[in-house]
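Summary of structural features
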Amino acid sequence: MSDLYQAYRSCTLCPRECRVDRTSGRLGICGESAELRIASIEAHFGEEPPISGTHGSGTLFFSGCTLLCSFCQNYQISCFHIGDRTTVEKAADQVADLVKRRGIHNLNLVTPDHFLPHAIDLIQRLRTRGIALPVVFNSSGFEKVELLRQTEEYADIYLPDFKYSDAELAHALSHCRSYPLVALDAIAEMVKQKGFLDHFSEGRAIASRGVLVRHLVLPGQTANSIEALSMLFAEFGPELPLSLMSQYRPARMVKQAELNRPLRPEEFSRVYNHLLELGFKNCFVQHMEGSPEEEDPFLPDFNRERPFKGNLR
Ligand code: SF4
C-alpha cells in the first residue's frame, strides 16, 4: 500500500475522525471501507453553466458520505451505498472515455473527501496519461483545513455547500453541530488557495479555477438560509460567487415533517430577497419554475442505468 493509502489505516480524513482501520473492512460514519466504490461516472448537465458548459461536466459520484444529511437528494448512494467496487485504473479508463466521446469540460469529484487517497491517485494517473482537465472538488463543505492543504495541488475548482448557519439544525439533520464553523473555515481555505470562480473574476465562459459556494434552501428553514447568506457575506463580502438553489425535492420520507414537502415559492423568494438586500454580485439563482410537485430532471435515481434524466442528450 502506497503512502497515499496509509490514511485509511486510522481514518481521520474528515472532521468525524473515526480512527477506524478501513483497510481491515471496519467502517466509520461514512460507511465505506478502503475499497473504492463508485456510483456513477457520466457527463452531467445539471451543474451551473460555467461548470456544465455545453459538453457536460465529467461527474464521478463516490458511494457513501461523511455528512449523511437526513434529506439527502442522493441518499441511494450516500446512505444505501449503491455503487460498484472498482479500481482507480478502471475509473481513469472511464474518465478518459468521457473525454474522448463527450469532450467534458472538467472532472467533477462529488463528495471525494472519504475517498481522498483514491481521488488523488486518479488525478495523478490521468495526468500521467496527458489528461489535464480542471478538477472540481464538489463537496458538502464539511472538511478539514489540513486535508484541503493536501488537495491544493490537485483541485482547480472548489464547489462546496454551505448548508447550515444553525448548529442545532445541523445537529438535527446531519448529526453535526460543528458544521457552520467547520464549513466556514474550509471555505476560507478554499478561497485562499484558488480565489473566486474565474467565470466571474476573469469573465471565462467555462470555469477553470476558483470557488463557487452553493446553498440549497430547505422547506421550513428560511431562517437558516437567511443567516447562512449573512454569514457568507460577513466573511467573504459581495464578490463571493454564490449559487442559490431551489431544487429541493423530498427524496424519501424523513422524520422532520417539513422536509417531506417541496419548497414553497414564497420561502425561496424570502431568501432570494435577502441575497439581493445583502448585495451579492456574482450569483447563480435557480428560480422556481413550474409546479414544486413536478419531478426535477436532475433528481437522481441511481437504480437507473443513467441516474439523471436531464443528462439524456
Ligand atoms: S472519512 Fe469516514 S471513516 Fe474517515 S473519519 Fe470521515 S466518516 Fe470516519
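Residues numbered from 1 in each chain as written. Predicted model: local features only at pLDDT ≥ 70, side-chain atom pairs only at ≥ 80, totals over all residues.

**Quick word on the overall build of the protein**
On a plain count of helices and strands, the protein comes out with 10 helices and 10 strands. The C-alpha atoms of the protein give 18 Å as radius of gyration, which agrees with the globular expectation for 313 residues (20 Å, within 12%). Dimensions of the protein along its principal axes, counting C-alpha atoms only, are 50 × 40 × 40 Å. A buried classification covers 45% of the 313 residues belonging to the protein. (Helix = DSSP H or I, 4+ residues; strand = E, 2+ residues; numbered from the N terminus. Rg over C-alpha atoms; globule rule 2.2 N^0.38 Å. Buried ≥ 20, exposed ≤ 12 C-beta atoms within 10 Å, placed from the backbone.)

**Re the pairing of strand 9 (residues 242–245)**
Sheet analysis places strand 8 (residues 213–216) next to strand 9, joined by 4 bridges and oriented parallel. Across the sheet, R214 pairs through a bridge with S243, a residue of strand 9. Once the chain exits strand 8 it traverses helix 9 (residues 222–236) before rejoining the sheet at strand 9, and the crossover so formed is right-handed. Where strand 9 and strand 10 (residues 283–285) come together, 3 bridges link them in parallel fashion. Following the sheet pairing, L242 is matched in strand 10 by C283. Read from strand 9 through helix 10 (residues 265–278) to strand 10, the crossover connection turns out right-handed. (Pairing = 2+ DSSP bridges. Right-handed = clockwise from strand over helix to strand, strands pointing away.)

**Regarding the sheet that holds strand 2 (residues 57–62)**
In space, the 7 strands of this open sheet follow the order 3-1-2-4-5-6-7, with mixed pairing throughout. Across the chains shown, the open sheet's two edge strands, defined by having one partner strand only, are strand 3 (84–85) and strand 7 (210–211). For strand 6 (residues 157–160) and strand 7, the ladder comprises 2 bridges, and the chain directions are parallel. Bridge pairing in strand 7 places Y158 opposite V211. Strands strand 6 and strand 7 of the sheet are contacted by helix 7 (residues 179–194), whose axis makes an angle of about 160 degrees with strand 6. (Contact = placed C-beta atoms within 7 Å. Axes fitted to C-alpha atoms, helices over the stretch in contact; angles between N-to-C directions.)

**Description of the packing of helix 9 against helix 10**
Orientation of helix 9 relative to helix 10, taken along the N-to-C sense of each, is 20 degrees, at an axis distance of 9 Å. In terms of axis orientation, helix 9 runs roughly parallel to helix 10. Regarding helix 9 and helix 10, the two cross each other, and that crossing is right-handed. For the pair formed by helix 9 and helix 10, the contact residues are T222, S225, I226, L229, S230 and F233 on the first element and E267, R270, V271, H274, L275 and L278 on the second. Across the contact of helix 9 with helix 10, the residue classes tally to 6 nonpolar, 4 polar and 2 charged. (Parallel < 35°, antiparallel > 145°, perpendicular 65-115°, else oblique. Left-handed = near helix turned anticlockwise from the far one by under 90°. Nonpolar A, V, L, I, M, F, W, Y, C, P; charged D, E, K, R; others polar.)

**Points about the sheet that holds strand 8**
Taking strand neighbours across the sheet as the criterion, the 3 strands line up as 8-9-10 in an open arrangement whose pairing is parallel. In this open sheet, the two edge strands, each paired with only one partner strand, are strand 8 and strand 10. Taken over all neighbouring pairs, the strand axes of this sheet differ in orientation by 15 degrees on average, direction set aside.

**Some thoughts on the packing of helix 3 (residues 88–102) against helix 4 (residues 116–128)**
Put simply, helix 3 and helix 4 touch, their axes get as near as 9 Å, and they point 55 degrees apart. The angle between helix 3 and helix 4 places the two elements in the oblique class. Two packed elements cross with a definite hand, and for helix 3 against helix 4 that hand is right-handed. Touching V88, E89, A91, A92 and V95 of helix 3 are H118, D121, L122, R125 and L126, all from helix 4. Its residues placed into classes, the contact of helix 3 with helix 4 shows 6 nonpolar, 1 polar and 3 charged.

**Details of the nonpolar core**
Counting 79 residues, the largest nonpolar core has I38, L60, L109, V135, V136, V211 and V213 as its most contacted members. Sorting elements by how many residues they give to this core places helix 4 first, with 6 residues. Beyond its immediate stretch of four places on either side in the chain, V135 contacts N106, L107, L109, I123, Y154, A155 and D156. (Core = buried A, V, L, I, M, F, W, Y, C linked by C-beta atoms within 7 Å.)

**Things to note about the environment of Y272**
Mapped onto the secondary structure, Y272 falls in helix 10. As a C-alpha pair, Y272 and S2 span 270 residues in sequence and 48 Å in three-dimensional space. Those residues in contact with Y272 that sit more than four places away from it in its chain are L244 and V285.

**Digging into the environment of A234**
Summarising the element assignment, A234 is placed in helix 9. Sequence spacing of A234 and L107 is 127 residues, and the spatial spacing of their C-alpha atoms is 31 Å.

**Structural notes on unusual backbone geometry**
Unlike most non-glycine residues, H81 shows phi in positive territory, near 60 degrees. One can find H81 in the loop between helix 2 (75–78) and strand 3. When the 16 C-beta atoms within 10 Å are taken as the criterion, H81 is described as partly exposed. Residues other than glycine seldom take positive phi values, yet T111 does so here, at roughly 45 degrees. With respect to the helices and strands, T111 occurs in the loop between strand 4 (107–110) and helix 4.

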